[in-house]
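# Survey of secondary and tertiary structure
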Amino acid sequence: MRALVIHESLTGNTRTAARTIVSEMAAEGWEASECSSRQVDLRALQQADVVVVGTWVDGLILFGQRPGGAGKLAKLPLLGNKPTYVFVTYAVDPGKTLDKLTAEITERCGDVRGGMVIKRHKLHDGAVEFARRVIDASAGDIEASAAEHTAVVDLAAGDSAVVDA
Ligand SMILES: Cc1cc2nc3c(=O)[nH]c(=O)nc-3n(C[C@H](O)[C@H](O)[C@H](O)COP(=O)(O)O)c2cc1C
């Protein structure tokens, strides 16, 4: 599997989480890389089977939370309806930032399959858990698409049986 992890980061936490996610995927045999939302690696995006987008929570700590760097996210290249997973890093309370990020990334034509909030004091463990969930969910996707393929083959066999009769 090939994955691109795109991050928007002000003080480095989200970038660090993105790098941890890439390491976990690589340990699983994935070809994964990361880039900033300010300079998206278009070649890696084109080749990716899975896209991850992460940003930070911007707000008044307990109120008005929203995705940080929303201006940059709104200008992301279109994601081509690829399976996409989102995450946010935060300090105290992420509010509805994950839902807002999901909406933003859906606008950029990402097929958002899921997301997770990661507390900055548990950055490493949170990023590892998120990566594991993405890897597991993608394995499910591969099985589902193989089952779909088998169903098509079965149908074709049925058709040819009718012709034979
Ligand atoms: C301007 C600003 C506003 C923030 N607002 C919130 C907030 O409303 N709620 C929260 O839980 N964390 C808030 N944070 C904390 C960041 O979301 C958190 O530190 C995050 O991990 C930063 O990611 P980064 O290092 O990738 O920029 C804020 C941080 C900054 C700099």
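Position numbers for residues count from 1 along each chain, tracking the sequence in the order it is written. Confidence filtering applies because this is a predicted model: local features only for residues at pLDDT of at least 70, side-chain atom pairs given and counted only at 80 or more, and all residues used for totals across whole chains, interfaces and linings.

### Topic: the overall build of the protein chain
Condition: Numbering goes from the N terminus for both helices and strands, where a helix is a DSSP run of H or I of at least four residues and a strand is a run of E of at least two. Residues with at least 20 neighbouring C-beta atoms inside 10 Å of their own are called buried, those with 12 or fewer are called exposed, and the rest are partly exposed, where every C-beta is derived from the backbone.
Scanning the protein chain from terminus to terminus reveals 5 helices and 6 strands. In the protein chain, the succession of helices and strands from N to C terminus is β-α-β-α-β-β-α-β-α-β-α. When burial is assessed residue by residue, the protein chain has 37% of its 165 residues classed as buried.

### Focus on the site of the ligand
In plain terms, the rule: As used in this record, a residue near a molecule or strand is one whose C-beta atom, placed from the backbone, is within 6 Å of it.
By nearness alone, 20 residues border the ligand, and Leu10, Asn13, Thr14, Trp56 and Gly59 come closest of all. Contributing elements (two or more residues each) for the shell around the ligand: α1 (13-27), β3 (50-58) and β5 (83-90). Considering each element in turn, the shell around the ligand owes the most residues, 3 residues, to β3.

### Brief notes about α1
Residues separated by three or four positions in an α-helix point in the same direction, a consequence of the helix having 3.6 residues per turn. Short version of the rule: Working rule for helices: expected span equals 1.5 Å times residues minus one.
The first and last C-alpha atoms of α1 sit 21 Å apart over 15 residues, in line with the 21 Å expected at 1.5 Å per residue. Those residues of α1 lying buried are Asn13, Thr14, Arg15, Ala17, Ala18, Thr20, Ile21, Val22 and Met25. Immediately downstream of α1, the backbone of Gly29 shows phi near 90 degrees, a positive value.

### Looking at the confidence of the model for the protein chain
Defined as follows: pLDDT expresses, on a scale from 0 to 100, how confident the predictor is about each individual residue. This entry defines residue contacts through backbone-placed C-beta atoms, with two residues in contact when those atoms are within 7 Å.
Across the protein chain, the average pLDDT comes to 90, with 86% of residues at 70 or higher. Here residues 152-165 is modelled with pLDDT under 50, and outside its nearest four sequence neighbours on either side it reaches 0 contacts, counting other chains as well.

### Looking at the nonpolar core
Our working definition: Note on definitions: a nonpolar core is a set of buried residues drawn from Ala, Val, Leu, Ile, Met, Phe, Trp, Tyr and Cys, linked by C-beta atoms within 7 Å.
One finds Ala3, Val5, Ile21, Val51, Val52 and Val86 to be the most contacted residues of the largest nonpolar core, which totals 34 residues. Taken together, the elements giving at least two residues each to this core come down to β1 (2-7), α1, β3, β5, α4 (97-107), β6 (111-119) and α5 (123-164). Ranked by residue count, the leading element in this core is β3, at 6 residues. Setting aside residues no more than four positions away along its own chain, Val5 makes contact with Ala18, Ile21, Val22, Ala32, Glu34, Val52 and Gly54.

### A word on unusual backbone geometry
Within the chain, Ile61 stands out as a residue other than glycine whose phi angle is a positive 65 degrees. Examined against the element boundaries, Ile61 turns out to sit in the loop between β3 and β4 (66-67). A residue is classified by how many C-beta atoms lie within 10 Å of it, and Ile61, with 12 of them, is exposed. If you check the backbone angles, Cys109 has positive phi at about 65 degrees while not being a glycine. Structurally, Cys109 is set in the loop between α4 and β6.

### Comments concerning the environment of Asp141
Turning to its location among the elements, Asp141 is positioned in helix α5. For the pair Asp141 and Pro83, spaced 58 residues apart in the sequence, the C-alpha separation amounts to 9.3 Å.

### Some details on the environment of Asp125
Of note, Asp125 is situated in helix α5. Residues Asp125 and Thr20, 105 residues apart in the sequence, show an inter-C-alpha distance of 9.2 Å.

### Regarding the pairing of β1
Looking along a regular strand, one sees side chains alternate from face to face of the sheet. Stated precisely, the cut-off is as follows: When DSSP finds two or more bridges between two strands, those strands count as paired. If you view a crossover with the strands going away from you and the path from the first strand over the helix to the second runs clockwise, you call it right-handed.
With 5 of 6 residues buried, β1 lies mostly within the body of the structure. As paired strands, β1 and strand β2 (residues 31-36) are joined by 6 bridges and run parallel to one another. Its bridge partner lying in β2, His7 is registered against Ser36. Tracing the backbone out of β1, into α1 and back to the parallel element β2 gives a crossover that is right-handed.

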